[in-house]
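Commentary on secondary and tertiary structure
The residues making up each chain are set out below.
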Amino acid sequence: MKDKILRELYEKKGQYISGEELSEKYQVSRTAIWKHMNALKKEGYVIETTHKKGYKLIESSGKLIPEALKRDLNTVEIGNKIIYFDTIDSTNNYSKRIAKDAAHGTVIISEEQSGGRGRLGRNWISPKGEGIWMSIVLKPDIPPTEGMKMTQIAAAAVCNAIRGVTGLEAFIKWPNDLVVNGKKVCGILTEMAGELTRIDYLIVGIGINANNESFLEEFQHIATSLAKEKGEKVDRKTLILHLLKEFEGLYEDYINQGTLEKTLAIIRNYSAVLGKSILVIRGEQQLKATVLGIDEEGLLEVKYEDGKRELLMSGEVSIRGEEGY
Ligand code: BTX
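Residues numbered from 1 in each chain as written. Predicted model: local features only at pLDDT ≥ 70, side-chain atom pairs only at ≥ 80, totals over all residues. Heavy atoms only, no water.

1. Points about the site of the ligand
Around the ligand sit 27 residues, and of these S90, R117, R119, R122 and N209 come closest. Within the backbone of R117, a nitrogen or oxygen atom sits 2.7 Å from an oxygen atom of the ligand. Side-chain polar atom of R122 to an oxygen atom of the ligand: 2.7 Å apart, as the coordinates give it. Those elements that place two or more of their residues in the shell around the ligand are α5 (91-98), β5 (132-138), β8 (183-194) and β9 (199-208). Sort the elements by how many residues they give to the shell around the ligand and β8 lands first, with 4 residues. Classifying every residue of the shell around the ligand by side-chain character gives 9 nonpolar, 13 polar and 5 charged. (Near = heavy atom within 4 Å. Polar contact = N/O pair within 3.5 Å; in protein donor to acceptor, adjacent residues only side chain to side chain. Helix = DSSP H or I, 4+ residues; strand = E, 2+ residues; numbered from the N terminus. Nonpolar A, V, L, I, M, F, W, Y, C, P; charged D, E, K, R; others polar.)

Here you go:
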């Protein structure tokens, strides 16, 4: 009920809506409406209340409410439907639960994840209201072998969005992380379901440390937030709007052209690893290598100390800078 009232307030933003109207529409008492309004105020929404006219939403408390996002979203398909949670286990898990019936481009956002996931069973810390924890459901008509390209498209989109909105110099640590000043600000987890020759759906999970104030000690040397690096809070809504727009542009370009041309230009231009010495990690094994390039398919071309060259596929390996993260 509280969510329904919030939607009504949003739709009428700037105008009053009376308690009577709401109580009639939802068949609850005016006292119940009043209690929900108070609960919303406690959550940080600024709601003006007058005895005669009713309730008016003044400020949205910075939450990523779909109504607020959709009003300013300038995309065709991505984000046409936005599903929002205050808290959820993982937006990728939820996406999987609904993906079969969800429309292409559906976006799932949560203020908090209690079981945020990284790759290979790792955790992704997702504190309430501080970051952008979001998944995009995609239904492209491409072979499963192409699926991992979505990670590259997402990385390029996040990179451009962070640079455009915050002015921070974000770099892409192939294949699925973004770093600012050498520390991780974003991770991407792409998951897929389908058959050998056909994708049923793809889920691109994006976690951005936007306004996180602190990190557990064990992560302090590898993780940071945009706000920490910029020295001021970042408007999460603006960042999401830019990100979805960038993502749609690069995605459409790939679907229409069949190549990653625009995405590759971004991930090469803003690569954190090109030309660098790295460690290639496969299970327990770690091998030193130099990054030679990123090929047309988005694979990482490396040269090991013994002179052997290899093309690395995302999902198969992890890499780490030789010094630090
Ligand atoms: P990854 O496996 O590359 O990174 C996970 C590792 O990063 C962890 O083992 C930990 O060391 C570190 N880490 C954990 N939380 C954070 C954080 N907030 N900031 C920086 N470093 C951290 C990266 O996996 C992919 C992450 C995707 C997260 C999104 S959020 C929305 C969607 N839902 C979901 O459950 N996952 C995705």
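2. Examining the packing of helix α1 (residues 2-11) against helix α3 (residues 30-42)
Look at α1 against α3: their axes get within 10 Å of each other, and the N-to-C directions meet at 80°. Judged by the angle between their axes, α1 and α3 are roughly perpendicular. Residue-level inspection shows K2, I5, L6 and L9 of α1 in contact with α3, the latter providing I33, H36, M37, A39 and L40. For the contact of α1 with α3, the class distribution of residues is 7 nonpolar, 1 polar and 1 charged. (Axes fitted to C-alpha atoms, helices over the stretch in contact; angles between N-to-C directions. Parallel < 35°, antiparallel > 145°, perpendicular 65-115°, else oblique. Contact = heavy atoms within 4.5 Å.)

3. Overview of the nonpolar core
Ranked by internal contacts, the top residues of the largest apolar core, which has 78 residues, are L178, I206 and L300. Considering every element that reaches this core, the biggest residue donor is helix α6 (residues 149-166), with 10 residues. Judged by nonpolar contacts, the second largest core, of 11 residues, contains I88, A99, A102 and A193. (Core = buried A, V, L, I, M, F, W, Y, C linked by side-chain atoms within 4.5 Å. Buried < 20%, exposed > 50% of the residue type's maximum accessible area, 1.4 Å probe, protein only.)

4. Focus: the domain arrangement of the protein
Quoted interface sizes are often the accessible area lost when the parts come together. Taken domain by domain, the protein comprises domain 1 (2-59), domain 2 (66-269) and domain 3 (277-321). Measuring from the centre of the C-alpha atoms in domain 1 to the corresponding centre in domain 2 gives 33 Å. (Domains from an automatic or database assignment.)

5. A look at the environment of I88
The residue I88 is located in the loop between β3 (82-85) and α5 in this model. Put simply, I88 and G116 are 28 residues apart on the chain and 8.8 Å apart in space, counted from C-alpha to C-alpha. In this view, I88 contacts Y94, R97, S110, E112, Q113, S114 and G115; residues no more than four positions away in its chain are not counted.

6. Re the packing of aromatic side chains
For any pair of aromatic rings, the description consists of the separation of the ring centres together with the inter-plane angle of the planes. Summed over all chains, the structure comprises 2 aromatic pairs. Ring plane angle 65° and centroid distance 4.6 Å describe the contact between F85 and Y94, whose orientation is recorded as edge-to-face. Here F85 matches Y94 in class, with each residue buried. Between the aromatic rings of F247 and Y251, the centroid separation amounts to 6.0 Å while the plane-to-plane angle is 15°, which identifies the pairing as stacked. Taken together, the positions of F247 and Y251, both in helix α8 (residues 236-257) and 4 residues apart, correspond to about one turn of that helix. In this structure, R163 is placed above the aromatic ring of Y270, and the distance from its NZ or CZ to the ring centre is 3.6 Å. (Phe/Tyr/Trp six-rings, centres within 6.5 Å; stacked < 30°, edge-to-face > 60°. Lys NZ or Arg CZ within 6 Å of the ring centre and 35° of its normal.)

7. As for α3
In a regular helix each residue adds 1.5 Å, so 13 residues correspond to 18 Å; α3 covers 18 Å between its end C-alpha atoms and thus fits that length. Burial in α3 covers these residues: I33, M37 and L40. Along the axis of α3, the buried positions cluster into a sector of 60°, meaning they face one direction only. Of the exposed residues in α3, those oriented more than 90 degrees away from the buried face are K35 and K42. G44 sits one or two residues past α3 and shows a positive phi near 110°. (Expected span 1.5 Å × (residues − 1). Arc of directions from axis to C-beta.)

8. Observations concerning the environment of A102
As for its position among the elements, A102 is in the loop between α5 and β4 (107-110). Taking relative accessible area as the criterion, A102 reaches 12% and is therefore assigned buried. In the structure, A102 is positioned 35 residues away from V137 in sequence and 7.5 Å away in space, judged by C-alpha atoms. Those residues within four positions of A102 in sequence are excluded, and the remaining contacts are V137 and K139.

9. A closer look at the packing of α1 against helix α2 (residues 19-26)
The axes of two packed helices give the description: the angle between them and the distance between them. α2 packs onto α1 with a crossing angle of 130° between their chain directions and a minimal axis gap of 12 Å. Our classification of the angle between α1 and α2 gives oblique. Of the two possible hands of crossing, α1 and α2 adopt the one that is right-handed. Across from K4, I5 and E8 in α1, the residues of α2 making contact are L22, K25 and Y26. (Left-handed = near helix turned anticlockwise from the far one by under 90°.)

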